[in-house]
Structures are given as C-alpha cells and as structure tokens.
Amino acid sequence: MTLDARIPSGPVAQKWDKHKFEMKLVNPANKRKYHVLVVGSGLAGASAAATMAELGYQVSCFCFQDSPRRAHSIAAQGGINAAKNYQNDGDSIYRLFYDTVKGGDFRAREANVYRLAQISVNIIDQCVAQGVPFAREYGGLLANRSFGGAQVSRTFYARGQTGQQLLLGAYQALEKEVAKGGVKMFARTEMLDLIQVGGRARGIVVRDLVSGKISSHVGDAVILATGGYGNVFYLSTNAKGSNTTAIWRAHKQGALFGNPCFTQIHPTCIPQSGDYQSKLTLMSESLRNDGRVWVPKREGDTRAPHLIPDAERDYYLERKYPSFGNLSPRDIASRAAKEACDSGRGVGPGGLGVYLDFRDAINRLGRDKIAERYGNLFEMYQRITDEDPYQVPMRIYPAVHYTMGGLWVDYNLMSTIPGLHVLGEANFSDHGANRLGASALMQGLADGYFIIPYTIGHYLAGTKLEPVSADHPDVRAAERAVEERTKRLLSIGGKRSAQSFHRELGRIMWDKCGMARDASGLREALQRIPALREEFWSNLTVPGSGAELNQSLEAAGRVADFLELAELMCTDALHREESCGGHFRTEHQTEDGEARRDDERFAYVAAWGHGGEGKAPVLHKEPLAFENVQLATRSYK
C-alpha cells in the first residue's frame, strides 16, 4: 500500500487556504441528500455533528454514555491553546506551530500542525460566541496562562474546568440541531464494527446497551471521534468507559494504525493509593504555573515536608531545565519524576510520589488569588486525599494520560478506508511523539468545527455513491459477525472476569511498555500478551445474557480488543529503535539521560496494517519532511 497524505503544495502558511479553494463543494440544496454517521460526542464528535447538521447534512450521532455531556472531554481541566498573543509576549501562529512540532519531538506532519495553529485563533472566537466563560483580565480581555513546552502564555482557561465548559458549548450547538431534526442522537449505543460496501465505509453495527439489541445504520460516510486508548494500561486518567473498540474494529477492516506505541505519561496525577483502584485522577498541568516540584535531596528522608528546609530540597525541574523549569514538557517532567523516585527520594506511600508545592505562590500572591485560579482543583485533591494543599504540598506521580497514536489519516482526516474519517485523539495526526498540554481541546475543536466540514464535503462531492439499504448483503454479514462474536464471549464459561484480565494486561503494559521500555522487556511482553489472550478466550466468564443491560459483556468486548492492541503497541515500540517524546527506549539515551532520536532511520510515521488473525502486522511508512522547522536535538535547558 502506498500512503498518500494528500498534503497540498505550496508554502506551509498557504496550504490550508489553497486547499480550501481547490476542494470540491456540495451545494446547499444537495447537502441534505447526504447522511453522515458520527461516532462519539465529545468535543470532536459533537462539534462535527453540530456543524455538519447546520450546513444541511443529515447526521446520526452515537455515544455510549447516557448523554453527550458525559464525554471524556469534560475531564480536560487546564485550558486550550491558541496563538492570539493577547499577552503581547511574542506568540504567533508560527511559534505555536514550532512549539508543537518541537514538543512532539519532530515526529508529526508539518502541514497538519501548521493548519492546527492557524485554526486555533478561530476556535476561541467560536467558543466565546457560544458563551464559554473563559477567565478574563481586569480590563475585560480574555486571560491566558502558561503550559508546558512553551515560553509564552497562550492557554485560555475557565478555572480548572475548561473541558467541561467547552463541551457544554459544543453540546448546546449539538442539541440545537437535535431539536431542529438535523441530528438524530443515539445515546447508550456502542459501535461494534464498521460496515464497508464496495471498499468504502458506509455504516456501523451497534449494540443498544440497555436492551442489548444489535442493529445496523448506513449512510454515505462515517466519522470516528471516539477518543484514545490509554485504558489499555488499566490504570490511567481516562474515564473507565474509554476504550479502543471503534478504531480497533476499523483497523481490522483495513484502516492503518499510526504510531500505536506513542503514549503520553502525564506528570501531574494523584498517586495510586491501593490495589483496589480502577482509575487514576489527573491534576491539571496548569498547577505547574504556580506550584514548584521537588523531592528531598537525601534518600529515605521521611520528614514532613514543612520540616525540610529549602537547602535540603531538590527542585529538580528548575535545576535540570532552567529555561522552562516546572513547565517542562510532559514527557520530560514525567521521566524526571520517575528518576527522582527510582533514586530513593520519592515521597508518600511506597516512595512513588513527588511534591507539588504552592507555599511560595501563596506567600507571593495570597491564598485568595490561588483559590481564584485553582480552587476547584484544590477542592478535588482534598476530597480524594484528605490533605489540604493550601497547608501541605500536593503529592503527584506520572500516569498514563493521552495517546498520540491512532488511526492513520491523510490531510483531509480520512483513513486508508475511503469514506472513514477520524477526528481528535482517535487519529494520529498532530502531536507526534508527545502532546503539549492544552492542545487536545484545540485539536478536537479544530477537527470538528473547521476541518471536517470542508474535507468530508470534498469526499462526497467527488465520489459516486450508490444507495445502500439495511438489508444489503454486506450490511447483514457485518451484523452477523457481531452477533457471533457476542455469543462467543457469552459462551466461554470460564472462571475469570474481564476485569481480572484487564488488570493483568495493564500491569504488563505499564512494566514493559510504560514510561521506559527496552528490547528485552518488550520481547517478554510479546510472549506474555498472546498467552494471556489465549487464556482470555478459554477462561473468561461473562454472567447474564446479551439481550439486556450487561456491563460485564461490554467490558469483555473492550478487553478483547485491548489484548490485541497491546501486542501491536509492543511490536511498534520494539521496532522503533530510538527514543523520542513519550517513547523512551533506555538503550537510546544521552549521557545525561535525555531521549536520543535517530532521524536517519526513523523520521517517519509507522502505519501498521492488520495482517489477519494469527499473522504479524504489516508496516507501512510515511516519511516526514521538515522544511520549515529544522531538525534538532530537543532541549529545554
């Protein structure tokens, strides 16, 4: 397969405008003849569904939650990036583009990243018009704060609940179209397979999570906006329902999977407190604007933090990366925390924690100002830990957060299956090997509001699509395959729950393919995961039936997909003999412990094809050209 990214010609700053003019259009009267299926109703899905319905398309939108308001986008706390330069501190579209390419350790496609930076300025205007209550300066202008990997303040925020407020804006736009009849909403509905007719994506097979009924929906194009797959690690900051099923089933149908091993570890998470936990809680990166990260200088120092004088504290991010300090990028800050804990200087139970201390900020700005900026985050931390962060430092530790990998898409956000478009975290396109904080919300809204309405119109206008009915043989075959898979999961009759398999898989992935990877550990994982998968299909128990609300059945299907995805992630990590961003191979590091890229051999997107059951995946490469940002060793010192 030859990968065609369909990147427009011309200077990078002109590509998107040129492409918009050259794309084919669907005239307004013809738009209502087309039916688009949108899977997912977070920021990317809700904004895409609302915008396309506003343009006149018929839209069906599916989510497995009881309401689009429960999408995981709500959990993004700290802010959204945009290159408006309100602070007059030197920001620009080009600087946001540069920071994002550099932050992704030169493993992202330049054209996509520049377009994202361009569109960022429009997103803020769109959201303000929707009533999103961004923080404002005294004079009324929108406020900005800093995030990791940048030396300018470009992050717009609504206290510590930016994702929630942005999602409510997109939700209102979506519900307006639902009320008008432009969008038909299917809540509590999970996509279980993709339907292809004539080699094009034409529909999906779904299960009603309340009644258990399996049915099919067909249309002219399919959009997947189903988020990331961080829950393959079992413990992550993702919502428990987040999974890989939609994109994995599409992958098995022929959609290539780009850079599956690129996983982001977030440095600012509440440490795990016991084996009973099923998820972890993220504390926003915005806290690192005013909080200082430190550990005791002496190994095994168990004194209370207020008893440790400054001279005996190691503010290690400020020491190692003086230019960026506590706002170093996430992958660097995470590895630095792990290094401190591995040296025996970690704090809290098991020594798996570092301090995030607001003492100096409170003394400088006053408690009221800190409460104004972070009050709801401080309250959340206190409720979970029973410790008051105004009085004692927060304890944090890195945790799995975001996945930069996802289905491969071209410049038009279309996968290698014609008609299947992929938005937001579900695709691989914009963040390379490491995502800068506050860029996930930016990408989701850029894809949904400003990119897909153009590019999907181009696809529909240039494609002759025959009508497909619900009784088409290909539709019925896809439906039967889902029914048979469901029956198989229910009929195994073993002794272990899906959760127990998921927990064991998560431990393998965290130990062997987590913050640090090496060849021997990855090879061990590639032996253990197939064995665990074999046991899953012979010893799984799923109580109940398929014709009812059955969360054990839901979990079993998702874990089955995680077991397959995990093997691909380890295969990808083993093949990429370099360190870059969140992919840190311990064999490939500098003398001072930084990532060592190999641009001669690995400056490409690794796009994997499904080889078939029991067969090795097939690697395809998209070379990455850096014409506007010079390849260089990433430094934040």
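Please read these numbers as outputs of a predicted model, since none were measured by experiment. (Residues numbered from 1 in each chain as written. Predicted model: local features only at pLDDT ≥ 70, side-chain atom pairs only at ≥ 80, totals over all residues. Heavy atoms only, no water.)

K.L.:
Help me understand the pairing of strand 15 (residues 394–403), please; the structure alone is not making it clear to me.
P.N.:
Within a regular beta strand, the side chains point alternately toward one face of the sheet and then the other, so they alternate between its two faces. Most of strand 15 is tucked away, with 10 of its 10 residues classed as buried. Pairing of strand 11 (residues 263–269) with strand 15 involves 5 bridges; the strand directions are antiparallel. Following the sheet pairing, H266 is matched in strand 15 by A399. Looking at chain direction, strand 14 (residues 354–357) and strand 15 are connected through 3 bridges and run antiparallel. Bridging from a neighbouring strand, Y355 pairs with R395 of strand 15. (Buried < 20%, exposed > 50% of the residue type's maximum accessible area, 1.4 Å probe, protein only. Helix = DSSP H or I, 4+ residues; strand = E, 2+ residues; numbered from the N terminus. Pairing = 2+ DSSP bridges.)

K.L.:
What am I meant to see in the layout of surface pockets here?
P.N.:
Approximately 780 Å³ is the volume found for the second largest pocket. Taken together, 33 residues line the second largest pocket, and the ones lying closest to its centre are L235, P271, Q272, S273 and L280. Breaking the lining of the second largest pocket down by element, the ones donating at least two residues are helix 11 (367–385), strand 15 and helix 14 (498–513). If one sorts the elements of the lining of the second largest pocket by residue count, strand 15 sits on top with 5 residues. Partitioned by chemical class, the residues of the lining of the second largest pocket number 18 nonpolar, 10 polar and 5 charged. (1 Å grid on protein atoms, 1.4 Å probe; cavity = no way out; pocket = protein on both sides within 12 Å on 5 of 7 lines; lining within 4 Å. Points joined across faces, edges and corners; volume = space filled by probe spheres on them. Nonpolar A, V, L, I, M, F, W, Y, C, P; charged D, E, K, R; others polar.)

K.L.:
I tried to follow the domain arrangement of the chain on my own but got confused; where do I start?
P.N.:
The domain architecture assigned to the chain consists of domain 1 (12–263 + 402–461), domain 2 (265–400) and domain 3 (481–623). Using C-alpha coordinates to define each centre, domain 1 is positioned 31 Å away from domain 2. Listed as interface residues are 27 residues of domain 1 and, on the opposing side, 30 residues of domain 2. Contact with domain 2 buries surface across domain 1, with Q77, L235 and T237 losing the most and accounting together for 25% of the total. At the surface where domain 1 touches domain 2, the tally comes to 0 salt bridges. Put simply, domain 1 and domain 2 have 14 residue pairs in polar contact (both at pLDDT 80 or more) between them. Its residues assigned to classes, the side of domain 1 that touches domain 2 shows 8 nonpolar, 15 polar and 4 charged. (Domains from an automatic or database assignment. Contact = heavy atoms within 4.5 Å. Buried area = accessible area lost by both parts, 1.4 Å probe. Salt bridge = Lys/Arg side-chain N within 4 Å of Asp/Glu carboxyl O. Polar contact = N/O pair within 3.5 Å; in protein donor to acceptor, adjacent residues only side chain to side chain.)

K.L.:
What should I look at first to understand empty space enclosed by the protein in this one?
P.N.:
Here the idea is plain: a probe the size of a water molecule rolls over the atoms and shows the empty space left. Enumeration over the complete set of coordinates arrives at 4 cavities of 30 Å³ or more. Put simply, the largest cavity is a space of about 160 Å³. The wall of the largest cavity is formed by 14 residues, among which L192, T486, L489, L553 and G557 lie closest to the centre. Contributions of two or more residues to the lining of the largest cavity are made by strand 6 (189–197), helix 7 (245–252), helix 13 (473–491) and helix 16 (551–575). Classifying every residue of the lining of the largest cavity gives 5 nonpolar, 3 polar and 6 charged. Two domains each donate at least three residues to the lining of the largest cavity, and these are domain 1 (12–263 + 402–461) and domain 3 (481–623). Each pocket or cavity is described by its volume, and for the second largest cavity that value is around 50 Å³. Every residue lining the second largest cavity is listed: N81, R145, S146, F147, G148, A150, V152, R154, T155, L436 and G437. Residue classes in the lining of the second largest cavity are distributed as 4 nonpolar, 5 polar and 2 charged.

K.L.:
When you look at the sheet that holds strand 8 (residues 214–218) in this model, what are you seeing that I'm missing?
P.N.:
The pairing of strands in a sheet happens through backbone hydrogen bonds and is either parallel or antiparallel. If you trace the 3 strands from one edge of the open sheet to the other, you get 6-7-8, paired in antiparallel fashion. In this open sheet, the two strands that pair with only one neighbour each are strand 6 and strand 8. Ignoring which end each strand starts from, the neighbouring axes of this sheet average 30° apart. The pairing of strand 7 (residues 200–208) with strand 8 spans 5 bridges and is antiparallel. Note on strand 8: the bridge partner recorded for V206 is S215. (Axes fitted to C-alpha atoms, helices over the stretch in contact; angles between N-to-C directions.)

K.L.:
What should I look at first to understand the packing of helix 4 (residues 93–103) against helix 5 (residues 110–129) in this one?
P.N.:
Geometrically, a packed helix pair is captured by the angle between its two axes and the distance between the axes. Two elements in contact, helix 4 and helix 5, have axes whose closest approach is 9 Å; the angle formed by their N-to-C orientations is 135°. By the angle class used here, helix 4 and helix 5 are oblique. Note that helix 4 runs across helix 5; the crossing there is right-handed. Across from I93, Y94, L96, F97, T100 and V101 in helix 4, the residues of helix 5 making contact are E110, V113, Y114, A117, Q118 and S120. In terms of residue class, the contact of helix 4 with helix 5 is built from 8 nonpolar, 3 polar and 1 charged. (Parallel < 35°, antiparallel > 145°, perpendicular 65-115°, else oblique. Left-handed = near helix turned anticlockwise from the far one by under 90°.)

K.L.:
Can you help me understand the sheet that holds strand 5 (residues 183–186) in this one?
P.N.:
In space, the 5 strands of this open sheet follow the order 5-2-1-9-17, with parallel pairing throughout. Each end of this open sheet is capped by a strand with a single partner; those strands are strand 5 and strand 17 (420–422). If you compare each strand with its neighbour and ignore which way they point, the axes differ by 20° on average. Note: strand 2 (residues 58–62) against strand 5, 4 bridges, orientation parallel. The residue of strand 5 that forms the bridge with V59 is V183.

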